[in-house]
Amino acid sequence: MVDFFFSHIPAAGSILNATAIVVGSLAGLILHSRLPRRFTAITFQGLGLLTIFLGIFMAQRTQSFLVMAFSIVGGAITGEFFELEERLNRLGEWTKARIRSKNEKFTEAFVASSLLFCVGSMAILGAIEEGLGGFPRLYVTKSLMDLMGSAAMAASMGVGVLFSAVPLLIYQGGMTLLAGTVQTVMTQPVVDEVSAVGGLILLGIGISILEIKKIKAINMLPALIYAGILAAVFQ
């Protein structure tokens, strides 16, 4: 049954990953309903600290400070021009209204968890691994990690985390189906620089979660594209 699923279902690794997020989120929501507010608050702060640590850890993968600098600045300007954060927030609010959620953190949870689960080298390398016909070991590992992460996030931030399974499935599934093309471009230096810039974006999310400073991390997403292009050209 397992072999059939991974060998006959397109983007099976991404489907497994999205399912893990749904299951983890549901478990976290059950836990959320039973925890006093002070416990969910401290969990929320812990997730903010963890996101900052993960961002710093990923950012250290860069081999070129100039690539990182030009990518994050150029990406932020591009994202601001196209108002990416405002558009995604409107999508979150639309989804919130459709499901009639009263969770004040719905949109924040949806945005933060979507970025946390999608940004990183495992998402890219896992797509290449599965898309080229290999067993999706990276996505199986990532699914276990995201299962626990989504449970913790949903317990502190609410139902918005559950809906992050949708952009993850689109993002990872799309890359998996295009792996033949992506593989020729996604060399290790490119993956490192994209992951490093993704780490900076996660750092911004962590700062926003802890309410230290509101940072428009979504508007910085085009920096991932700039990082990939610059790394491919200059490294």
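This text follows the structure it describes.
All of these numbers come straight from a predicted model, not from anything done at the bench.

Draft legend 1. Broad picture of the packing of helix 6 (residues 106-118) against helix 8 (residues 137-157). Contact pair helix 6 / helix 8: the axes reach a minimum separation of 11 Å and the direction vectors enclose 160°. Put simply, helix 6 runs roughly antiparallel to helix 8. Crossing hand, helix 6 versus helix 8: right-handed. Here Glu108, Ala109, Ala112, Ser113, Leu116 and Phe117 of helix 6 come into contact with helix 8, specifically with Lys142, Asp146, Gly149, Ser150, Met153 and Met157. In the contact of helix 6 with helix 8, the residues fall into six nonpolar, three polar and three charged.

Draft legend 2. Representation of helix 6. Between its first and last C-alpha, helix 6 extends 18 Å over 13 residues, near the 18 Å set by a 1.5 Å rise per residue. The element helix 6 is largely enclosed, with a buried count of eleven among its 13 residues. Within helix 6, the full set of buried residues consists of Phe106, Thr107, Ala109, Phe110, Val111, Ala112, Ser113, Ser114, Leu115, Phe117 and Cys118. Summarising the contacts, the buried residues of helix 6 are in contact with helix 2 (12-34), helix 5 (84-98), helix 7 (121-131), helix 8, helix 9 (165-177) and helix 11 (188-209). One or two residues past the end of helix 6 sits Gly120, with phi positive at roughly 150°.

Draft legend 3. Region of interest: the side chain of Ser208. Along the chain, the position of Ser208 falls in helix 11. Within the structure, Ser208 has its side chain in polar contact with the backbone nitrogen of Ile215 (distance 3.0 Å).

Draft legend 4. Layout of a nonpolar patch on the surface. Judged by side-chain polarity, Leu50, Phe53, Leu54 and Phe57 come together as a nonpolar surface patch covering roughly 420 Å² of accessible area. Here Leu50 lies in helix 3 (residues 37-59). Accessibility expressed as a relative area gives 52% for Leu50, which makes it exposed.

Draft legend 5. Fine view of helix 7. When you tally the buried positions in helix 7, you get eight out of eleven residues, the bulk of the element. Next to the buried residues of helix 7 lie helix 2, helix 6, helix 8, helix 9, helix 10 (179-185) and helix 11. Residue Gly133 follows helix 7 closely and has a positive phi angle near 100°.

Draft legend 6. Local environment of the nonpolar core. Judged by nonpolar contacts, the single largest core of 43 residues is most densely connected at Leu115, Met157, Val161, Val197, Ile201 and Ile205. The element that contributes the greatest number of residues to this core is helix 11, accounting for nine residues. In contact with Val197, other than residues within four places in its own chain, are Met68, Ser71, Ile72, Ala223, Leu224 and Ala227.

Conventions adopted
Residues numbered from 1 in each chain as written. Predicted model: local features only at pLDDT ≥ 70, side-chain atom pairs only at ≥ 80, totals over all residues. Heavy atoms only, no water. Axes fitted to C-alpha atoms, helices over the stretch in contact; angles between N-to-C directions. Helix = DSSP H or I, 4+ residues; strand = E, 2+ residues; numbered from the N terminus. Parallel < 35°, antiparallel > 145°, perpendicular 65-115°, else oblique. Left-handed = near helix turned anticlockwise from the far one by under 90°. Contact = heavy atoms within 4.5 Å. Nonpolar A, V, L, I, M, F, W, Y, C, P; charged D, E, K, R; others polar. Expected span 1.5 Å × (residues − 1). Buried < 20%, exposed > 50% of the residue type's maximum accessible area, 1.4 Å probe, protein only. Polar contact = N/O pair within 3.5 Å; in protein donor to acceptor, adjacent residues only side chain to side chain. Patch = residues over 30% accessible without salt bridge, like charges linked within 9 Å, V, L, I, M, F, W, Y side chains within 5 Å. Areas by Shrake-Rupley, 256 points an atom, 1.4 Å probe, with all protein chains shown as cover. Salt bridge = Lys/Arg side-chain N within 4 Å of Asp/Glu carboxyl O. Core = buried A, V, L, I, M, F, W, Y, C linked by side-chain atoms within 4.5 Å.

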